[in-house]
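Observations on chain architecture
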Amino acid sequence: MNAVKPEPTIPTARRRRAVGALVALAMAGCGGAEKPRAKTAADVPPPPKLGEAAPQRAATAAEKADFDKVVADYQAATEKGLDPAQCPKLTKAYADVADKYPRLTEARYNEGALKERCKDGDGAKKAYLAALGSNGAHAPSLAAVGRLAAAAGDEARAMEYFSQAVKADPKSPFGYLGRALVLRERGRNGTTEAVQEAVGE
C-alpha cells in the first residue's frame, strides 16, 4: 500500500509488449471507447506537479488493519453484485478511513472508485482530487480524474492527467490506456496506431 514512486521510462521492448496488451484491451468487446459509469462536470483543475508529490512510504500497521477491514467488508457486501442501496454505507466506510488517515491515499482513491461505480461522478472527482492532495504522484488517481474529464468531453485536460499518470508510474497501464482510448475516440489512424502513439512508439 505504498504511495506510487516515479520510475524510469519503460524500455523499448517492454513498451512494445504494452502496445500489444493495450491493443487487446482497447479492442475487447466494446467496439469503442469505454463507456463512462458516471457523468461529471468538466471543471477539473490542472494535475499536480510531480515534484510536489509526497515521498514513498509504507502504511502503518494500524492503517493497514483498518483499510483491510473495509476492503473485506466491501467484498463480502458485494459478493453477489453491488446493490445501489449499499453505496452510501460502503463509500462512507472508505471515507472514514481516509479521514482518519489523511496520508493513506489508497483509502481516498477507493472511496472515489466506489462513488464512480455508484454513478456519483462529482463525488468521485472530489475524492480522487483529495487523493492527489495527499500524493500527487498516485497514478491510479491521476488516470481516474483523466477518465472523468474525458467522459465530460474535456479531452485536453484528460490527456494532461493521463500523461501525468504515465510519468508518475510508467509501469502502470492506466495512463497509457487512457491516452489510447482518447486517441481512438478521435479516430487517429485506427486503433493500433492510436495505441502506439499513446505509449510513445
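In what follows, the accompanying structure is described. Here the structure is a predicted model, which is why all the values come from computation and not from measurement.

Side note on the overall build of the chain
Along the chain, the regular secondary structure elements total 9 helices and 0 strands. Across the chain, every contact between residues at least 6 apart in sequence was considered, and the portion connecting residues at least 24 apart equals 66%. Total accessible area on the chain stands at roughly 10,400 Å², and carbon and sulfur atoms take up 53% of it.

Considering the state of the cysteines
Across all of its chains, the model carries 1 disulfide by this definition. Between Cys87 and Cys118 runs a disulfide, and the two sulfur atoms are separated by 2.0 Å. In this structure, the disulfide formed by Cys87 and Cys118 twists by about -90° around the S-S bond and is classed as left-handed. Of the two residues, Cys87 is situated in helix H3 (residues 87-100) and Cys118 in the loop between helix H4 (105-117) and helix H5 (121-134); the sequence distance between them amounts to 31 residues.

Side note on helix H2 (residues 61-77)
The end-to-end C-alpha distance of H2 is 24 Å, a good match for the 24 Å that 17 residues give at a rise of 1.5 Å each. Taken together, the buried positions of H2 are Glu63, Phe67, Val70, Val71 and Tyr74. Looking straight down H2, one finds that the buried residues subtend no more than 100° of arc, so they occupy a single side. Turned more than 90 degrees from where H2 packs its buried face, Ala61, Lys69 and Ala76 sit exposed. Looking at the buried positions of H2, the neighbouring elements they touch are H3 and H4.

Considering the environment of Arg179
Position of Arg179 relative to the elements: it lies in helix H8 (residues 173-186). As for Arg179 and Glu155, which are separated by 24 residues in sequence, their C-alpha atoms are 9.5 Å apart.

Here's the deal with H4
Given 3.6 residues to a turn, an α-helix orients residues that are three or four positions apart in the same direction. In this model H4 runs 18 Å from its N-terminal to its C-terminal C-alpha over 13 residues, within 8% of the 18 Å that 1.5 Å per residue would give. Counting buried residues in H4 gives 10 out of 13 residues, a clear majority hidden from the surface. Tucked into the core, H4 has its buried residues touching H2, H3, H5 and helix H6 (139-151). A positive backbone phi angle near 65° is found at Lys119, which sits one or two residues after H4.

Examining the nonpolar core
Core analysis: the biggest nonpolar cluster contains 21 residues, and Tyr128, Leu142, Val145, Tyr161 and Phe162 have the highest contact counts within it. Every element with two or more residues in this core is listed here: H5, H6, helix H7 (155-168) and H8. Top element by residues in this core is H6. It accounts for 7 residues. Leaving out residues up to four positions away in the same chain, Tyr161 has contacts with Val44, Pro45, Pro46, Pro47, Leu129, Leu132, Leu142, Val145 and Gly146. Formed by 12 residues, the second largest nonpolar core is a distinct cluster that contains Val70, Tyr94, Val97 and Tyr101.

Conventions adopted
- Going along each chain's sequence as written, the residues are numbered from 1 onward.
- Where local features are concerned, this predicted model is filtered to residues with pLDDT of at least 70; where side-chain atom pairs are given and counted, the filter is 80 or more; whole-chain, interface and lining totals use all residues.
- As a rule here, side-chain values cover all heavy atoms of the structure and leave hydrogens and water aside.
- For helices the rule is a DSSP run of H or I covering at least 4 residues; for strands it is a run of E covering at least 2, with both sets numbered from the N terminus onward.
- Whether two residues touch is decided by their heavy atoms; if any such pair falls within 4.5 Å, the residues are in contact.
- For every accessible area listed, the method is Shrake-Rupley and the probe measures 1.4 Å; residues are considered covered only by the protein chains on display.
- In this description, the term disulfide denotes a pair of cysteine sulfurs within 2.5 Å.
- A helix is expected to span 1.5 Å multiplied by its residue count minus one.
- For each residue, the accessible area found with a 1.4 Å probe, counting protein chains only, is set against the maximum for its type, and the residue is called buried under 20%, exposed over 50%, and partly exposed in between.
- Of all possible arcs, the one meant is that of the directions from the helix axis to the C-beta atoms.
- Put simply, buried Ala, Val, Leu, Ile, Met, Phe, Trp, Tyr and Cys residues joined by side-chain atoms within 4.5 Å make one nonpolar core.

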